[in-house]
Amino acid sequence: MQVNLHDAKTNLSRYVEQALDGEEVVIARAGKAFVRLVPVDEAARRRELGFLQGSAVLDCDLKAELLLWLAIAPQRLPATLRGNFKDRRLPMLYSVVSLWEVAIKTSLGKPGFVVDAAQLRDGLKQQGHQVIWIGDGGAGD
């Protein structure tokens, strides 16, 4: 983007933010480019959010704690999440790693933690949740 010097003076903060976000900002005098705003250090650039938009799909990846609350203590979930979890039209995915985590914690005898991972898996499947297998690249049974 090219802006004139007067506009750059007036909106310098905005143009600095845009330059930090990776946008090219050129300041012109009398229509001729003469200065470019760039970050001093590449590390100063902000992280890009949404960098996988359009190339990935994520409906919902449920972490171990959410899976357990869903199955054992749904009252611990925020009301809005409970409503979403009840809606079978919304696909819900969870990682097989979450099941491994449950199985490992149970097998290690973690105090206050006894959950049958196979029973959890079967119940989630019965409720219409789909597992993401490692290396699967998508949802499976």
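Right above here is the structure, for reference.
The structure presented is a predicted model; accordingly, all values stated were derived computationally and were not measured.

Rules and cut-offs
- Residues numbered from 1 in each chain as written.
- Predicted model: local features only at pLDDT ≥ 70, side-chain atom pairs only at ≥ 80, totals over all residues.
- Heavy atoms only, no water.
- Helix = DSSP H or I, 4+ residues; strand = E, 2+ residues; numbered from the N terminus.
- Buried < 20%, exposed > 50% of the residue type's maximum accessible area, 1.4 Å probe, protein only.
- Contact = heavy atoms within 4.5 Å.
- Areas by Shrake-Rupley, 256 points an atom, 1.4 Å probe, with all protein chains shown as cover.
- Phe/Tyr/Trp six-rings, centres within 6.5 Å; stacked < 30°, edge-to-face > 60°.
- Lys NZ or Arg CZ within 6 Å of the ring centre and 35° of its normal.
- Salt bridge = Lys/Arg side-chain N within 4 Å of Asp/Glu carboxyl O.

(A) Structural view of the overall build of the protein chain. Within the protein chain one finds six helices and seven strands. In the protein chain, the succession of helices and strands from N to C terminus is β-α-α-β-β-β-α-α-β-α-α-β-β. Relative to its 141 residues, the protein chain shows a buried fraction of 25%. The contacts of the protein chain with a sequence gap of at least 6 include a subset with a gap of at least 24, amounting to 49%. Total accessible area on the protein chain stands at roughly 10200 Å², and carbon and sulfur atoms take up 55% of it.

(B) Structural context of the packing of aromatic side chains. Evaluated as defined, the whole model comprises zero aromatic pairs. The side chain of arginine 29 reaches across the aromatic face of phenylalanine 34, ending 4.4 Å from its centre.

(C) Seen up close, unusual backbone geometry. The phi torsion at alanine 30 lies on the positive side, around 55°, for a residue other than glycine. Residue alanine 30 is classed as exposed on the basis of its relative accessible area, which comes to 84%.

(D) Representation of the pattern of salt bridges in the model. Under the definition given, this model contains three salt bridges. Measuring nitrogen to oxygen at the nearest pair gives 3.4 Å for the salt bridge that ties arginine 36 to glutamate 24. Taken together, the residues span a long stretch of sequence, with arginine 36 in strand β3 (residues 32–37) and glutamate 24 in the loop between α2 (12–20) and β2 (25–29) at a distance of twelve residues. In this structure, glutamate 101 and lysine 105 form a salt bridge, with 2.9 Å as the shortest nitrogen-oxygen distance. In this pair, glutamate 101 and lysine 105 are both assigned in helix α5 (residues 96–107), four residues apart and thus about one turn of the helix distant. In this structure lysine 105 comes out as partly exposed when scored by relative accessible area, which is 22%.

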